[in-house]
Amino acid sequence: MARSSTKKAARTANPLPEGTLEVGVGLVLAGLTAYGFTVVAARALGKTDYAPLSVLWAMVFLAGPGFFLPLEQEVSRALAARRALGTGTGPVVRRAALFGALICAVLVGGTLIASPLVVSKLFDHDWLLMVGLLLGMVGYYVELLFRGTYSGLGRFGPYSVVIGAEGLVRFLICFGLAIAGVTYAGWYGLALGVAPLAAVVLSLRGQRDLVSEGPDAPWSELSSALGALLAGSVLAMALVNGGPIAMKILAEKGEDEKVAAFFTAVIIARIPLFLFQAVQAALLPKLSALASAGRFDEFKIGFRRLVIVIGGIGFVAVVAATLIGPNAIELLYGSEYALGHRTVGLLAAGSVLFMLAQAMAQAVIALGGHTRMALTWVVSVVTFIVVTAAGNDLYLRVELGLLAGSAIACLGMAAFVRQLVRGGALVHTGDLIEAIHDFGVEP
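Residues numbered from 1 in each chain as written. Predicted model: local features only at pLDDT ≥ 70, side-chain atom pairs only at ≥ 80, totals over all residues. Heavy atoms only, no water.

(A) Seen up close, the overall build of the protein. Of the regular secondary structure elements, the protein holds 14 helices and zero strands. For the protein, the sequential pattern of α-helices and β-strands runs α-α-α-α-α-α-α-α-α-α-α-α-α-α. Looking at the protein as a whole, 55% of its 443 residues qualify as buried. Restricting the contact set of the protein to residue pairs at least 6 apart, pairs at least 24 apart contribute 83%. Of the roughly 18,700 Å² of accessible surface on the protein, a fraction of 67% belongs to carbon and sulfur atoms. (Helix = DSSP H or I, 4+ residues; strand = E, 2+ residues; numbered from the N terminus. Buried < 20%, exposed > 50% of the residue type's maximum accessible area, 1.4 Å probe, protein only. Contact = heavy atoms within 4.5 Å. Areas by Shrake-Rupley, 256 points an atom, 1.4 Å probe, with all protein chains shown as cover.)

Here you go:
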């Protein structure tokens, strides 16, 4: 009785959902160290050698979170449900591990088949960068499986360790290489690959009984809509990370310096996405609580306010990026990476529209529109490809492609939210609670 009263008092003193503060600390550390990695590597390598590393960065975060974030989300949801019922979690973890291993095998196998083309065209014949990409794929499979297990079991301490340790390990390796005077991009690429695996090892300290025996888990226990969630995740990551890859593909011989400079502008333009992760820690838990209590009218009002907040932050960010973005690039990365105001401004506008689209995509998922969500991302990626292919100016064609693709995603998600609400779709509370806690992308 006394223990119950203590727990109740703790929840009253801290109105945020369990784990919010721990995860928030991990996200802040991950964001800061990600920016630190890009700055140190850029200054250590110079524009020419930094270009293929920037492409690797985009490819790792496309393939890793893109393919395996839905796995984390579904494992977390399924384990939380079993934990609430007091049933064993082992069968779900084993089934999820098998499913993730199959995805990882296909991804690694396909990459190996395409490796000669990828290494020659995107990595400037640096095979060590390919090793970093393959390690990153395997590493994110393992990391996100463990993250889903930790969050599903309510172990937010090790969950936060995984998030923060990944960025910290990556940065420390990068910093050590720079101090040692290493100017070969491949070694920095290995840091991207080994960081997720190292983070999992560090998080396992003191952990016991991660899985327990229980009834068999059918495939449907993970999700009946896992295919649509996977497609949507991959396509969203393809859009937000497609700029540097497109730049490298379209660049003529001798234009690697433009690719490197473009990537620094992308990083600066994504600061609004990083800042929004701080906003979500304050706003999203309240929306989750409203959904859990079935107070959907209040949820709709709160969600509308959330979109307004994102738009407000975005407007300020676009203005700031346009005015001072080039100065920030020069200050952080060096004068050799400086770009014009237009480039940073357009990239910031695209990032804000992507952020809005991502927010509304969660509402589409919560309303049961998984397939609509995935199709919207398909159209947005196709738009990005078409617009980028149609231009001539290397910078402008990619900038407009990202802007147009994000705008289409934003408009499409908004239209489907409106359509589903007017059609009387019911909010799927489980999908909603999982979805609204998974905003944000890497810098």
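(B) Layout of the environment of arginine 147. Here arginine 147 is to be found in helix 4 (residues 127-152). Judged by its relative accessible area of 14%, arginine 147 is buried. Put simply, arginine 147 and serine 203 are 56 residues apart on the chain and 9.8 Å apart in space, counted from C-alpha to C-alpha. Excluding anything up to four places from it in sequence, arginine 147 contacts Leu69, Glu72, Tyr159, Val162 and Ile163.

(C) Representation of the pattern of salt bridges within the structure. According to the stated counting rule, one finds seven salt bridges in the structure shown. In this structure, the salt-bridge partner of glutamate 166 is arginine 170, at a minimum N-O distance of 3.0 Å. Of this pair, glutamate 166 and arginine 170 are both found in helix 5 (residues 156-179), four residues apart, which corresponds to roughly one turn of the helix. Under the relative-accessibility criterion, arginine 170 is labelled buried at 2%. Among the salt bridges present, the one from glutamate 255 reaches lysine 258, with a minimum N-O distance of 3.3 Å. Each of Glu72, Glu143 and Arg147 takes part in salt bridges that share partners, so that together they form one network. (Salt bridge = Lys/Arg side-chain N within 4 Å of Asp/Glu carboxyl O.)

(D) Helix 5, seen in detail. Between its first and last C-alpha atoms helix 5 spans 34 Å; for 24 residues at 1.5 Å apiece the expected length is 34 Å, and the two agree. Along its length, helix 5 reaches its greatest deviation from straightness, about 25°, at alanine 165. Just downstream of helix 5, glycine 181 is the residue with a positive phi angle, here 80°. (Expected span 1.5 Å × (residues − 1). Bend = angle between axes of the 7 residues up to and from the residue.)

(E) Region of interest: the packing of helix 5 against helix 6 (residues 185-203). Packing of helix 5 against helix 6 brings their axes to within 7 Å, and their N-to-C directions diverge by 145°. Once helix 5 is placed against helix 6, the crossing between them reads as right-handed. Facing helix 5, whose interface residues are Pro158, Val161, Val162, Ala165, Glu166, Val169, Arg170, Ile173, Cys174, Leu177 and Ala178, helix 6 presents Trp187, Tyr188, Ala191, Leu192, Val194, Ala195, Pro196, Ala198, Ala199, Leu202 and Ser203. (Axes fitted to C-alpha atoms, helices over the stretch in contact; angles between N-to-C directions. Left-handed = near helix turned anticlockwise from the far one by under 90°.)

(F) Structural detail: unusual backbone geometry. Unlike most non-glycine residues, aspartate 124 shows phi in positive territory, near 50°. Of note in this structure, histidine 125 is not a glycine but carries a positive phi near 65°. Here histidine 125 is to be found in the loop between helix 3 (90-121) and helix 4.

(G) Structural view of the nonpolar core. Ranked by internal contacts, the top residues of the largest apolar core, which has 110 residues, are Phe37, Tyr50, Leu53, Phe68, Phe123, Tyr333 and Trp377. Per-element tally for this core: the top contributor is helix 2 (residues 20-85), with 25 residues. Excluding its chain neighbours within four sequence positions, the residues that come into contact with phenylalanine 37 are Leu53, Trp57, Arg170, Phe171, Cys174, Tyr188, Ala191 and Leu192. (Core = buried A, V, L, I, M, F, W, Y, C linked by side-chain atoms within 4.5 Å.)

(H) Fine view of helix 11 (residues 341-366). With 26 residues, helix 11 ought to run about 38 Å at 1.5 Å a step, and its terminal C-alpha atoms sit 38 Å apart, in line with that. Helix 11 sits mainly inside the fold: 23 of its 26 residues count as buried.

(I) Spatial organisation of the packing of helix 7 (residues 226-250) against helix 12 (residues 370-390). Following both chains from N to C, one finds helix 7 and helix 12 inclined at 10°, their axes separated by 7 Å at the closest point. The pairing of helix 7 with helix 12 is recorded here as roughly parallel in orientation. Only His370, Thr371, Met373, Ala374, Trp377, Val378, Ser380, Val381, Phe384 and Thr388 of helix 12 make contact with helix 7, whose side of the interface consists of Ala228, Leu229, Ala231, Gly232, Leu235, Ala236, Leu239, Gly242, Gly243, Ala246 and Leu250. Residue classes in the contact of helix 7 with helix 12 are distributed as 14 nonpolar, seven polar and no charged. (Parallel < 35°, antiparallel > 145°, perpendicular 65-115°, else oblique. Nonpolar A, V, L, I, M, F, W, Y, C, P; charged D, E, K, R; others polar.)

(J) Highlighting a nonpolar patch on the surface. Where nonpolar side chains cluster on the molecular surface, the patch consists of Leu375, Val378, Val379, Val382, Val386 and Ile408 and spans about 470 Å² of accessible area. The element that contributes the greatest number of residues to the nonpolar patch is helix 12, accounting for five residues. Note on placement: leucine 375 falls in helix 12. (Patch = residues over 30% accessible without salt bridge, like charges linked within 9 Å, V, L, I, M, F, W, Y side chains within 5 Å.)

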